[in-house]
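Chain by chain, the residues run as shown.
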Amino acid sequence: MAENKTKATAKSVPDFLNSIEDPERRKDCKIIAALMEELTGSKPKMWGDSIVGFGDYHYTYASGREGDWFLVGFSPRKQTLSLYIMGYLEFYTDILEQLGKFKHGKGCLYIKKLEDIDLNVLKTLISNSIKPLKEH
């Protein structure tokens, strides 16, 4: 079986966050990091070169593939701030309707800037998404 290419590293999260050139994006990332740390009760870890993840869990798919991943995380991409919400976002349509301006995939929210969304709604979304993973 193929292994995940992206793995937890020993790289410094503060160094990574402080290296974000755009001051607004850097500020948004520090706010998101604090929020995710509070909600998961876990310190951040770098996953690969550009993802900050919080908490961890072991998964096994029906196919038998297994791996380790984080409960929730984010990455400051060039165009958007990508938030990795485990589980399928389609299960949270009622919450997403209240979130604000964003785009999404199955497990990713794409936000241009934090002022475009309601942080309290984001907290609810993250809390709801990590609860079943923490109980697993």
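The structure displayed is predicted, hence computed values, not measured ones.

Rules and cut-offs
Residues numbered from 1 in each chain as written. Predicted model: local features only at pLDDT ≥ 70, side-chain atom pairs only at ≥ 80, totals over all residues. Heavy atoms only, no water. Helix = DSSP H or I, 4+ residues; strand = E, 2+ residues; numbered from the N terminus. Rg over C-alpha atoms; globule rule 2.2 N^0.38 Å. Buried < 20%, exposed > 50% of the residue type's maximum accessible area, 1.4 Å probe, protein only. Contact = heavy atoms within 4.5 Å. Salt bridge = Lys/Arg side-chain N within 4 Å of Asp/Glu carboxyl O. Polar contact = N/O pair within 3.5 Å; in protein donor to acceptor, adjacent residues only side chain to side chain. Disulfide = S-S within 2.5 Å. Phe/Tyr/Trp six-rings, centres within 6.5 Å; stacked < 30°, edge-to-face > 60°. Lys, Arg positive; Asp, Glu negative; His and termini not counted. Pairing = 2+ DSSP bridges.

Caption draft 1: Summary view of the overall build of the protein. Counting secondary structure elements, the protein contains 4 helices and 8 strands. The C-alpha radius of gyration computed for the protein amounts to 15 Å, which stays within 12% of the reference 14 Å derived for 136 residues, consistent with globular compactness. Taking the principal axes of the C-alpha coordinates as reference, the protein spans close to 40 × 35 × 25 Å. For the protein, buried positions account for 43% of its 136 residues. Counting contacts in the protein only where the partners sit at least 6 residues apart, residues at least 24 apart contribute 51% of the total.

Caption draft 2: Focus on the environment of G87. Looking at the secondary structure, you find G87 in the loop between β6 (81–85) and α3 (93–99). Leave out the neighbours within four places in its chain, and G87 touches K106 and G107.

Caption draft 3: Focus on the pattern of salt bridges. Evaluation of the coordinates by the stated rule reveals 4 salt bridges. For D49, the salt bridge identified is with K11, shortest N-O distance 2.1 Å. Of this pair, D49 sits in the loop between β1 (44–47) and β2 (51–54) while K11 is found in the segment before α1 (13–18), placing the two residues 38 residues apart along the sequence. Given the relative accessible area of 46%, K11 is considered partly exposed. For K113, the salt bridge is made with E115, and the minimal N-O distance between the two is 3.9 Å.

Caption draft 4: Quick peek at the side chain of S75. Topologically, S75 is positioned in strand β5 (residues 72–76). A relative accessible area of 0% places S75 in the buried class. Here S50 takes part through its backbone oxygen, which lies 2.5 Å from a polar atom of the side chain of S75. Every residue in contact with S75, bar those within four places of it in the chain, is listed here: S50, I51, T80, L81, S82 and Y84.

Caption draft 5: Spotlight on the state of the cysteines. Scanning all chains against the criterion turns up 0 disulfides. Among the cysteines around C29, which has no disulfide bond, C108 carries the closest sulfur, lying 14 Å off.

Caption draft 6: View of the packing of aromatic side chains. Applying the stated criterion across every chain, the model contains 6 aromatic pairs. Geometrically, the ring pair formed by W69 and F70 is stacked, given 4.6 Å between the ring centres and 25° between the ring planes. You'll find W69 and F70 in the same group, each marked buried. Between F70 and Y84, the ring centres sit 6.1 Å apart and the planes meet at 70°, which makes this aromatic pair edge-to-face. In this pair, F70 sits in the loop between β4 (66–69) and β5 while Y84 sits in strand β6, placing the two residues 14 residues apart along the sequence. We note that F70, like Y84, is buried. Ring-pair connections join several aromatic residues into one group, and the members of that group are W47, W69, F70 and Y84.

Caption draft 7: Main features of the side chain of D28. Its place among the elements puts D28 in helix α2 (residues 23–40). Notably, D28 is buried but unbridged: the nearest opposite-charge side chain belongs to K27, and the N-O separation is 5.3 Å. Setting aside residues no more than four positions away along its own chain, D28 makes contact with L81, K113 and L114.

Caption draft 8: Up close: the pairing of β1. By the bridge criterion, 4 bridges tie β1 to β2 in an arrangement that is antiparallel. If you follow W47 over to β2, its bridge partner there is I51. The hairpin turn running from β1 into β2, its antiparallel successor, is 3 residues long, and G48 in that turn takes a positive phi close to 65°.

What is shown is where atoms sit, not what they do.
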